[in-house]
Structure formats: C-alpha cells, structure tokens
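Here is how the chains run, residue by residue.
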Amino acid sequence: AAQVKGGTAVHTYTANAVNTIDFKNRILGDLSIQSSDNDTITVSYTKSFKGSDGLDVKAKEQKLDEIVVSEAVSGKTLEVEIKRSDENNNNSSRVDVVLRVPSRVSIVASNNAGDVQVVNFSGDLKTKVNIGNMNVSTKITGEVSWDIAVNIGDIEAKFDADSSVDLTASTNSKNVLSSLPLKGERSSSKSLQGILNEGKGKVSLTNNLGTIRISLR
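Residues numbered from 1 in each chain as written. Predicted model: local features only at pLDDT ≥ 70, side-chain atom pairs only at ≥ 80, totals over all residues. Heavy atoms only, no water.

Peer 1: Quick rundown of a nonpolar patch on the surface? Include the residues and the values.
Peer 2: Taken together, the side chains of Ile131, Ile152 and Leu209 present a nonpolar region at the surface, about 240 Å² in accessible area. In this structure, Ile152 sits in strand S13 (residues 145-152). (Patch = residues over 30% accessible without salt bridge, like charges linked within 9 Å, V, L, I, M, F, W, Y side chains within 5 Å. Areas by Shrake-Rupley, 256 points an atom, 1.4 Å probe, with all protein chains shown as cover. Salt bridge = Lys/Arg side-chain N within 4 Å of Asp/Glu carboxyl O. Helix = DSSP H or I, 4+ residues; strand = E, 2+ residues; numbered from the N terminus.)

Peer 1: With reference to specific residues and values, describe the packing of aromatic side chains.
Peer 2: A complete count under the given rule lists zero aromatic pairs for this structure. One Lys or Arg, Lys63, reaches over the ring of Phe49 and ends 5.8 Å from the middle of that ring. (Phe/Tyr/Trp six-rings, centres within 6.5 Å; stacked < 30°, edge-to-face > 60°. Lys NZ or Arg CZ within 6 Å of the ring centre and 35° of its normal.)

Peer 1: Before we move on, could you go through unusual backbone geometry and cite the residues and values that matter?
Peer 2: For Asn120, which is not a glycine, the phi torsion comes out positive at approximately 65 degrees. By the element assignment, Asn120 lies in the loop between strand S10 (116-119) and strand S11 (125-131). With a phi angle near 60 degrees, Asn197 is a residue other than glycine that sits in the positive phi range. By the secondary structure assignment, Asn197 is in the loop between strand S18 (191-196) and strand S19 (201-209).

Peer 1: Quick one: what's the story with the pairing of strand S6 (residues 67-74), residue by residue and with numbers?
Peer 2: Two faces, one strand: in a regular strand the side chains alternate between the faces of the sheet. Here S6 pairs with strand S7 (residues 77-84) via eight bridges, running antiparallel. Following the sheet pairing, Val73 is matched in S7 by Leu78. Hairpin connection of S6 to S7: two residues between the antiparallel strands, including Gly75 at a positive phi of 65 degrees. (Pairing = 2+ DSSP bridges.)

Peer 1: Tell me about the pattern of salt bridges, residues and numbers included.
Peer 2: Inspection of every chain in the model, using the stated rule, returns 10 salt bridges. A salt bridge links Arg104 to Asp39, with the shortest nitrogen-to-oxygen separation between them at 3.1 Å. With Arg104 in the loop between strand S8 (94-101) and strand S9 (106-113) and Asp39 in the loop between strand S4 (31-35) and strand S5 (40-48), this pair connects stretches of sequence that are 65 residues apart. Between Lys202 and Asp166 there is a salt bridge, and its shortest N-O distance comes to 2.9 Å.

The structure is reproduced here in structure tokens:
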C-alpha cells in the first residue's frame, strides 16, 4: 500500500481501474463525497494536528507522518485507511478527506469521528458514522442502494423533487422529521417509510442518538 506523506496530497484514479471505494478513517476528520464531473476519481487529503504553531518544520513533518494514510488498489477496489502509527497515541491529529467520484462507482465509507457530507453523488453508498453529523444533498433517479447509519449525531437529507426514492428512516432516541411528498407514507415520531415518485433508489437512514431531517432540496 502507498503511504501519503506530508500535510496535503491529491491522488487521481480512472473509473475504468476502480469501481468500488472502501474508505476507513479510524481517527478524526471530516469526509466530503462529491460527484465528479468526469470519469476520474480524485482523493484529496489534508492532515493537521493541534499545537503545530510552536513546532519547527522537521517536528511538524514528524508529527504529520505519525498519521498513517494508506492507499491500495485490490482488483477494482480502492482501499483507503487512515490511522495513527501508535494506536495508543490519542492525540488531536486529524485527516479531512474530499472524494470526487463518478456516480457509477460504489462507495463503502466508515468515519470514526467527524462530519460526513454527500453532494450530488448518486451511486451506491454505504456509510457508517460513529460520532458526527451526516448531511446529504443530491438527486437519486437510478436503481441504487443507500445505507446510511449514524451512531451519535444528526442526519439531514435533501433530495431534488424529481428524485426516485424508496425511503426508510428510523432513530432510537429522537425524531424523524420529514416534509417530503411521499406516497404510501407510514410514520411515527421515530420512524418513516414512503416512496418519492417511482421509488427506484432504495435509501435507508438509521440513527442511534440523533435527529433525522428529510426535505426537498
């Protein structure tokens, strides 16, 4: 696996070489998933840590390299893993990542601590967030599968009016709030089921400790 050195890096792949992204951030950082304008996958990393102002260049580089970012292509799967070189070193280091991905690529993403944002991506998506908020703003028209799960944090999902979604949402603690014009809606304070237009795309939103808000974009 290739290691990402230094504070920032941008890597590109063709969608011919990669059809699935398996992303794991085991430390702290935000993840932004955006639709690519072409057939190219772009992965942008920004490493940082608190207390960097008082360090010289070499000490900064050493601290940044304690954050291990590895990339490997296995078959047609791009595997990305972010962790600390010393698992017991619970410092304030973080890696913020932007994925720009064409919608024919599938994404499986796990984020330990940090917010996740999805903008205009409409391919298959499975995302787990341990601590952080999930924000979705997109249009889904194809027969795709979305499974979004948040442990601690809120989910806000906005879909274009001409999206085609078969939606289920549930939370264990707070409320599911929806203003979507759903057909066959079945709802309670903590759960919701219904279909937007033809219901081609299957979307599941689950939340342990947080609120789910769903609306038109």
